Amino acid sequence: PCLGLDSNQMQAIRALMEQYNQANKAANEAFKLAMEPLRAQDKAAMDAYKAATADVRKQLAEISKNYRTQAQDIIKNAKASGATRDEINAQLKDLRDKFNAETQALRDQLAAAQADLKAALQATAQAKKDATLRLQEQLKANQKLLYDGIYNLLTDAQKALWDAWLAGKD
């Protein structure tokens, strides 16, 4: 309203805005299409990681549960026997050391699988970043086309108001 557009200008601007919306919709669809195989690759990598580590994670969970039970027993028995805090801590440290030694190979397997997963996810990360950048550039280009189209429809007085609005002034 502040531009004082006539009905012909309004119709032309509506047409430009429809073109702008269609162009943005097309850009978003292209982005979705570009992202689908990348997301599928990430999902495949995650599924492969889960499958490769399922047994290891299960073994670690069982061993951890066993060691937690042993730690609780140590604390319970030590309190009942009147052991000192230092004696309890020494027994718990021995138990932790035993746990670490027993689970080292499993934790190494898990770490290797995590490294493989990280590498697989990083392989698609740049492609995702590039697709996002292309989308942003296309959206900016679409907006520029819209603004240029609107500008070309305006009278000189309206162009002055338009320029002031683009500059952030009322």
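Here we look at the pattern of salt bridges
On inspection of all chains with the given rule, the structure shows 5 salt bridges. Here Glu29 makes a salt bridge to Lys32, at a shortest N to O gap of 3.8 Å. Here Lys32 and Glu29 lie together in helix 1 (residues 7-81), a separation of 3 residues that amounts to about one turn. Residue classification places Lys32 among the partly exposed residues on the basis of a relative accessible area of 45%. Salt-bridge contacts for Lys93 lead to Asp97; the nearest nitrogen and oxygen are separated by 2.9 Å. Here Lys93 pairs with Asp97, and both are found in helix 2 (residues 85-153), just 4 residues apart, close to one helical turn. When its relative accessible area of 37% is taken as the criterion, Asp97 is described as partly exposed.

Observations regarding the packing of aromatic side chains
A complete count under the given rule lists 4 aromatic pairs for this structure. For the ring pair Tyr147 and Trp162, a centre distance of 5.4 Å and an interplane angle of 85 degrees mean the geometry is edge-to-face. Of this pair, Tyr147 sits in helix 2 while Trp162 sits in helix 3 (residues 156-166); the two residues are 15 residues apart in sequence, bridging distant segments of the chain. A ring pair is formed by Trp162 and Trp165, whose centres lie 5.2 Å apart and whose planes are at 40 degrees; its orientation type is tilted.

Calculation notes
- Residues numbered from 1 in each chain as written.
- Predicted model: local features only at pLDDT ≥ 70, side-chain atom pairs only at ≥ 80, totals over all residues.
- Heavy atoms only, no water.
- Salt bridge = Lys/Arg side-chain N within 4 Å of Asp/Glu carboxyl O.
- Helix = DSSP H or I, 4+ residues; strand = E, 2+ residues; numbered from the N terminus.
- Buried < 20%, exposed > 50% of the residue type's maximum accessible area, 1.4 Å probe, protein only.
- Phe/Tyr/Trp six-rings, centres within 6.5 Å; stacked < 30°, edge-to-face > 60°.

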